[in-house]
Amino acid sequence: MCIGVPGKILAIHDGLMPMADLDFGGTARQCCLAYVPEAQVGDWVLIQNGFAMDVIDDDAAQAALTAIGELGLAPGVEPDVASGD
């Protein structure tokens, strides 16, 4: 089973496979945006296996990050929705 983790888009790089730089609670990663071409810088996306699967709102991102933190599934990943970063 896979778990989707919310990440905030910091930058988008066009190309054959559009890629994004993401912030996962202070950790930078990249993902592919092929499944969510509507995603924009500043959006939260739900990531599974290196692909953004859905654009989600701040409330959904907060809820997911809180649950992930409470369950200890991703040490160091902290909710950052309230700050707007």
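Since the structure is predicted, the reported quantities are computational estimates derived from the model, not experimental observations.

Reading guide: rules and limits
- Residues numbered from 1 in each chain as written.
- Predicted model: local features only at pLDDT ≥ 70, side-chain atom pairs only at ≥ 80, totals over all residues.
- Heavy atoms only, no water.
- Disulfide = S-S within 2.5 Å.
- Buried < 20%, exposed > 50% of the residue type's maximum accessible area, 1.4 Å probe, protein only.
- Core = buried A, V, L, I, M, F, W, Y, C linked by side-chain atoms within 4.5 Å.
- Helix = DSSP H or I, 4+ residues; strand = E, 2+ residues; numbered from the N terminus.
- Contact = heavy atoms within 4.5 Å.

Undergrad: Just checking my understanding: could you explain the state of the cysteines for this structure?
TA: Every disulfide links exactly two cysteines, by a covalent bond between their sulfur atoms. Applying the stated rule across the entire model yields 0 disulfides. Cysteine Cys31 shares no disulfide, and the gap to the nearest cysteine sulfur, in Cys32, comes to 7.1 Å. Among the residues examined, Cys32 registers a relative accessible area of 5% and is labelled buried.

Undergrad: Which parts of the structure should I look at to understand the nonpolar core?
TA: In globular proteins that are soluble, nonpolar side chains generally tend to be buried together. Among the nonpolar cores identified, the biggest contains 13 residues, and Ile9, Leu22, Cys31, Leu33, Val45, Ile47 and Ala52 are the most heavily contacted of them. Elements that contribute at least two residues to this core include exactly strand 1 (5-13), strand 2 (19-24) and strand 4 (44-48). Dropping the residues within four chain positions of it, Leu22 is found in contact with Gly7, Lys8, Ile9, Leu10, Thr27, Ala28, Arg29, Cys31, Val45 and Ile47.

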